[in-house]
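The residues making up each chain are set out below.
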Amino acid sequence: SIGNVKEQNHDAIEFRNIGIPVVYIAFGSIPLYLKVAIALASRNNFVVVITDRTLHTNNSFVHFEKIERNFHNASKFAPIFKHLAGGKFKNWDNNGTSLYELRCIQRWFILRDF
């Protein structure tokens, strides 16, 4: 379980001999549903959580990775992104861009660069 989340310094992890990890990408605080998903996934898999928070768990099958290490191309995408569809999400920046939609697409860049 990752119920007790503490701050720590991150070191790069090597993924030799562990197979393909389950990867979650999270912006902001880790909500309860994601903590549960991480705990369940880590029962049989190595889990990587790429996040903008500095977190730690005692679960040796869970690793927290700094999002900044994989954010370069995602940040280059942000200035050219223009959300054209309507939607129910009201989290807009000053340029009329849906931050929710932007983050959804940026996750693909982060995962690719990971």
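Residues numbered from 1 in each chain as written. Predicted model: local features only at pLDDT ≥ 70, side-chain atom pairs only at ≥ 80, totals over all residues. Heavy atoms only, no water.

So what's going on with the nonpolar core? Which residues, and what values?
Judged by nonpolar contacts, Ala26, Ile30, Leu34, Ile38, Ala41, Val47, Val49, Leu55, Val62 and Phe64 together constitute the single largest core of 10 residues. Examining the composition of this core, we find that three residues originate from one element, helix α1 (residues 32-41), more than from any other. In this structure, Ala26 is in contact with Leu34, Ile50, Thr51, Asp52 and Ile67, ignoring residues within four places of it in sequence. Phe46, Val48, Ile50 and Ile67 belong to the second-largest nonpolar core, a separate cluster that totals seven residues. (Core = buried A, V, L, I, M, F, W, Y, C linked by side-chain atoms within 4.5 Å. Buried < 20%, exposed > 50% of the residue type's maximum accessible area, 1.4 Å probe, protein only. Helix = DSSP H or I, 4+ residues; strand = E, 2+ residues; numbered from the N terminus. Contact = heavy atoms within 4.5 Å.)

Talk me through helix α3 (residues 99-113); I want residue IDs and the actual numbers.
Over its 15 residues, α3 runs 20 Å from end to end, which matches the ideal 21 Å to within 8%, given 1.5 Å per residue. All of the buried residues in α3 are Leu102, Gln106 and Ile110. Against β1 (22-26), β2 (47-51) and α2 (72-77) lie the buried residues of α3. (Expected span 1.5 Å × (residues − 1).)

A description of α1 should follow, citing residues and the corresponding values.
One turn of the α-helix equals 3.6 residues, which is why residues spaced by three or four share an orientation. Where α1 is concerned, the buried positions are Leu34, Ile38 and Ala41. Taken down its axis, α1 places every buried residue within 70 degrees of arc, on the same side. Exposed positions of α1 whose direction lies more than 90 degrees from the buried face are Leu32 and Tyr33. Elements in contact with the buried residues of α1: β1, β2 and β3 (62-66). (Arc of directions from axis to C-beta.)

Explain the sheet that holds β3 to me, and be specific about the residues and the numbers.
The sheet built from three strands is open, its strands ordered β1-β2-β3 with parallel pairing. Two strands lie at the open edges of the sheet, namely β1 and β3, each paired on one side alone. Neighbour-to-neighbour, the strand axes of this sheet turn through a mean angle of 20 degrees, independent of strand direction. Here β2 runs beside β3; their pairing, made up of five bridges, is parallel. Bridged to Thr51 within β3 is Lys66. Strands in contact with α1 are β1, β2 and β3; relative to β1, the strand with the most contacts, it is inclined by about 165 degrees. (Pairing = 2+ DSSP bridges. Axes fitted to C-alpha atoms, helices over the stretch in contact; angles between N-to-C directions.)

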